[in-house]
Amino acid sequence: MIFKPKALSMAMVAICSAGSVVAGGADVTLMPTEVMFEKGNYAEMSVAKISPNVTGATMAPTVSMYPEYTAATVAIKTDINEKISLGFARYLAAAIQVDYRQTGSPVAAAFVDLNIKSNVFLAKYQINDNLSALAAVKRSITSN
């Protein structure tokens, strides 16, 4: 069976579109796959301080309803040979941080402190200079 270019193009658009849908909202840090494309053995660490300032006339009239928190990412990669690389990363994948207790809000007892930390093991196979295959196994841990 021979695929027509139009049918193949439509299939590629459908595959790429479905793969790029992101829910958003609670996401803090994306899976750090870029570490797998660095040259040689590689390690990186980053820390971000998140301090949103959101107030409102009714729900948070005095201080922000979102507390300050920190997101840290650690990622390492090692080359096994010219074609195969292995990596590991630990990062804060998602968080919901809402605290009305000090805001002067009528719902003063309401607060949420939810963190989802993820560990991911990555493998990359370099097919040629322009194409590689990436595989991952991810485990996420929820804490509050």
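Residues numbered from 1 in each chain as written. Predicted model: local features only at pLDDT ≥ 70, side-chain atom pairs only at ≥ 80, totals over all residues. Heavy atoms only, no water.

Enquirer: Got a minute to help me understand the overall build of the chain in this structure?
Expert: Scanning the chain for helices and strands turns up one helix and five strands. Secondary structure elements in the chain, listed N-terminal to C-terminal, are α-β-β-β-β-β. Counting the 144 residues in the chain, one finds 22% classified as buried. The long-range share in the chain, meaning contacts at least 24 apart out of those at least 6 apart in sequence, stands at 58%. (Helix = DSSP H or I, 4+ residues; strand = E, 2+ residues; numbered from the N terminus. Buried < 20%, exposed > 50% of the residue type's maximum accessible area, 1.4 Å probe, protein only. Contact = heavy atoms within 4.5 Å.)

Enquirer: I tried to follow the nonpolar core on my own but got confused; where do I start?
Expert: Among soluble globular proteins, nonpolar side chains are generally buried collectively. The biggest cluster of nonpolar side chains holds eight residues, and these are Val35, Met36, Ala75, Ala89, Tyr91, Ala93, Val120 and Leu122. Of all the secondary structure elements, the ones that give two or more residues to this core are strand 3 (84-99) and strand 4 (111-128). The residues contacting Met36, other than those within four sequence positions of it, are Lys77, Ser85, Leu86, Gly87, Leu122, Ala123, Lys124 and Leu134. (Core = buried A, V, L, I, M, F, W, Y, C linked by side-chain atoms within 4.5 Å.)

Enquirer: It is not clear to me how the confidence of the model for the chain should be interpreted in this structure. Could you clarify?
Expert: Interpreting fine coordinate detail is not advised for predicted regions of low pLDDT. Taken as a whole, the chain shows an average pLDDT of 83; of its residues, 83% reach a score of 70 or greater. A low-confidence stretch, residues 16-24 (pLDDT under 50), is modelled with one contact involving residues beyond four sequence positions or located in other chains. (pLDDT = per-residue confidence, 0-100.)

Enquirer: Honestly, the packing of aromatic side chains in this entry has me stumped. Any pointers?
Expert: To describe a pair of aromatic rings, one takes the distance between the centres and the angle between the planes. Scanning all chains against the criterion turns up one aromatic pair. When the centroid spacing of 5.0 Å and the interplanar angle of 45° are considered together, the rings of Phe88 and Phe121 count as tilted. Residue Phe88 is found in strand 3, and its partner Phe121 is found in strand 4; the two are separated by 33 residues along the sequence. Overall, the relative accessible area of 27% leaves Phe88 in the partly exposed class. One cation-aromatic arrangement involves Arg101 over Phe111; the distance from NZ or CZ to the ring centre is 3.9 Å. (Phe/Tyr/Trp six-rings, centres within 6.5 Å; stacked < 30°, edge-to-face > 60°. Lys NZ or Arg CZ within 6 Å of the ring centre and 35° of its normal.)

Enquirer: Any chance you could explain the environment of Ile96 here in plain terms?
Expert: In this fold, Ile96 is placed in strand 3. When its relative accessible area of 37% is taken as the criterion, Ile96 is described as partly exposed. For Ile96 and Ala26, which are 70 residues apart along the polypeptide, the C-alpha to C-alpha distance reads 5.8 Å. Here Ile96 is in contact with Ala26, Val112, Asp113 and Leu114, once residues within four sequence places are set aside.

Enquirer: Can you walk me through the layout of surface pockets in this structure?
Expert: In this approach the atoms are scanned with a rolling probe the size of a water molecule, which exposes any empty space left behind. In this structure, the largest pocket occupies an estimated 270 Å³ of space. In this structure, the largest pocket is lined by 15 residues; those nearest its centre are Glu38, Lys39, Glu82, Lys124 and Gln126. Listing elements by their share of the lining of the largest pocket, those giving two or more residues are strand 2 (69-79), strand 3 and strand 4. The class makeup of the residues in the lining of the largest pocket is three nonpolar, four polar and eight charged. (1 Å grid on protein atoms, 1.4 Å probe; cavity = no way out; pocket = protein on both sides within 12 Å on 5 of 7 lines; lining within 4 Å. Points joined across faces, edges and corners; volume = space filled by probe spheres on them. Nonpolar A, V, L, I, M, F, W, Y, C, P; charged D, E, K, R; others polar.)

Enquirer: I'm lost on the side chain of Thr73 in this one. Help?
Expert: In this fold, Thr73 is placed in strand 2. Overall, the relative accessible area of 5% leaves Thr73 in the buried class. What Thr73 contacts, discounting residues up to four positions off in sequence, is Thr29, Pro32, Glu44, Met45, Ser46, Arg90 and Tyr91.

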